[in-house]
Amino acid sequence: MKNKLLFKIILIALFAALAFVGTCIHIPLPTGGMIHLGNFVVIISALLCGGLVGGLAGGIGCGLYDLFIYSSVDGFFKYLILKFIMGLVVGYGFRIFYRKRDSFKAPLFLSILGALVIIFTTLVIILFNVDMITIKYDNPTGYIILVSIIAYIVGILLIIAAVFSIKLKQVHRIALVAIAISVVVNLVLEFITKILLSMLIDSLEFKAALVKGFSTMPSVILTGTLSIILGTLIFMPLYKATRRINYFDDLNIEEENEELTEL
């Protein structure tokens, strides 16, 4: 029991360091946000080792980035909570769906997520057109068009994935759904907490806080898109490479996955 606890602490520390480094690897955006790999580390650690390990590692790693780089104490606690929730959602969600894989309806989940992404993106465009969203950039219209196109593509791809998911191996469908759900949950929570913190800490009025919340969404959408793509593609190769040293492998995917064939 002590060895298992020690191993879990080591894993949390390792993935927290990777989440910190992953967040450091980023592309700044004109809105002030950035595309980074921190969320990808949260997702992979949660898929491999469970929601608790992934959530704690992601929360600590991403939180420390805000604390050390921006000296933001509120940012530390914000990301400690948000990434912890993200890790819990993808880690436990994947395991729940996988254990109920015989009755799991991946197309339905993917369709709903795709529709939510499209609806949210449309709302951003509407608010931008009525000047409720302001973007500090030389060509804000071109920027919002570019981000919206990418977001629409993500939504459409999720719906297309729902239609053709029957051709994917079952474990890939389940991983894709779990990752997509965690990304959508993170997007919603980022938006809500941005508004609340802007009102409580920056003393902004609700409308101004709403504008600030929407203005940071492009970076969250793009980072989420990257996390979905990388997480779905890389999870199984990493799982197979590390399963013999992973004391928290509770799913035995490799043997069962060999029996799954493309239809």
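Now for a description of the structure that goes with this document.

Thresholds, definitions, all that
Residues numbered from 1 in each chain as written. Predicted model: local features only at pLDDT ≥ 70, side-chain atom pairs only at ≥ 80, totals over all residues. Heavy atoms only, no water. Helix = DSSP H or I, 4+ residues; strand = E, 2+ residues; numbered from the N terminus. Buried < 20%, exposed > 50% of the residue type's maximum accessible area, 1.4 Å probe, protein only. Areas by Shrake-Rupley, 256 points an atom, 1.4 Å probe, with all protein chains shown as cover. Expected span 1.5 Å × (residues − 1). Polar contact = N/O pair within 3.5 Å; in protein donor to acceptor, adjacent residues only side chain to side chain. Axes fitted to C-alpha atoms, helices over the stretch in contact; angles between N-to-C directions. Parallel < 35°, antiparallel > 145°, perpendicular 65-115°, else oblique. Left-handed = near helix turned anticlockwise from the far one by under 90°. Contact = heavy atoms within 4.5 Å. Core = buried A, V, L, I, M, F, W, Y, C linked by side-chain atoms within 4.5 Å. Salt bridge = Lys/Arg side-chain N within 4 Å of Asp/Glu carboxyl O.

**Digging into the overall build of the protein**
Scanning the protein for helices and strands turns up 10 helices and two strands. Secondary structure elements of the protein, listed N to C terminal, follow the sequence α-β-β-α-α-α-α-α-α-α-α-α. Scored against the burial criterion, the 263 residues of the protein give a buried share of 49%. As presented, the protein carries roughly 13300 Å² of accessible surface, and 71% of it is formed by carbon and sulfur atoms.

**Quick notes on helix α3 (residues 51–70)**
Between the first and last C-alpha of α3 there are 27 Å, a value that for 20 residues agrees with the 28 Å anticipated at 1.5 Å per step. All buried positions along α3 are accounted for by G51, V53, G54, G55, A57, G58, G59, G61, C62, G63, Y65 and D66. A positive phi of about 55° marks S71, the residue just after α3.

**Here's the deal with the side chain of T232**
Tracing the backbone shows T232 in helix α9 (residues 217–242). Polar side-chain contacts of T232 include one of 2.8 Å to the backbone oxygen of I228.

**Points about the packing of helix α2 (residues 38–49) against helix α7 (residues 170–200)**
The contact between α2 and α7 brings their axes to 11 Å, and the two run at 135°. If you check the angle between α2 and α7, you find them oblique. Classified by chirality, the crossing of α7 by α2 is right-handed. Together, N39, I43 and L47 of α2 and I179, S182, V183 and N186 of α7 make up the contact between the two elements.

**A short note on the side chain of T223**
Within the secondary structure layout, T223 lies in helix α9. Note on T223: relative accessible area 2%, which makes it buried. Among the polar contacts listed, one links the side chain of T223 to the backbone oxygen of M34, at a separation of 3.2 Å. Among the polar contacts made by the side chain of T223, one reaches the main-chain carbonyl oxygen of S219 at a distance of 2.8 Å.

**A short note on the nonpolar core**
Core analysis: the biggest nonpolar cluster contains 50 residues, and F94, F235 and I253 have the highest contact counts within it. Where this core is concerned, the elements lending two or more residues are α1 (2–24), α2, α3, α4 (73–99), α5 (106–129), α6 (140–164), α7 and α9. For this core, the leading source of residues is α7, giving 11 residues. Setting aside chain neighbours within four positions, we find F235 in contact with I44, L47, L48, F94, A175, L230 and I253. Core analysis: the next-biggest nonpolar cluster, separate from the first, contains 15 residues, F128, A151, A209 and F214 among them.

**Looking at the environment of V89**
Along the chain, V89 turns up in helix α4. Sequence separation of V89 and I43 is 46 residues, and the distance between their C-alpha atoms is 9.3 Å. Among all residues touching V89, those that are not within four sequence positions of it are F94, I181, S182 and V185.

**Topic: unusual backbone geometry**
In this structure, S71 is a non-glycine residue whose phi angle is positive, near 55°. Here S71 shows up in the loop between α3 and α4. S71 gets classed as exposed once you look at its relative accessible area, which sits at 60%. Unlike most non-glycine residues, S203 shows phi in positive territory, near 55°. Looking at the element boundaries, S203 is found in the loop between α7 and α8 (206–215).

**Section: the pattern of salt bridges**
With the rule as written, the count across this model stands at two salt bridges. A salt bridge links E190 to K78, with the nearest nitrogen and oxygen atoms 3.4 Å apart. Here K78 lies in helix α4 and E190 lies in helix α7, a separation of 112 residues in the sequence. Taken as a pair, E190 and K78 share a single burial class, namely buried. Of the charged contacts, one joins K83 and E190 as a salt bridge, the two residues approaching to 3.6 Å between their closest N and O atoms. Taken as a pair, K83 in helix α4 and E190 in helix α7 lie far apart in primary sequence, 107 residues in all. Each member of the pair, K83 as well as E190, is classed as buried. Overlapping salt bridges bring together K78, K83 and E190 as one network.

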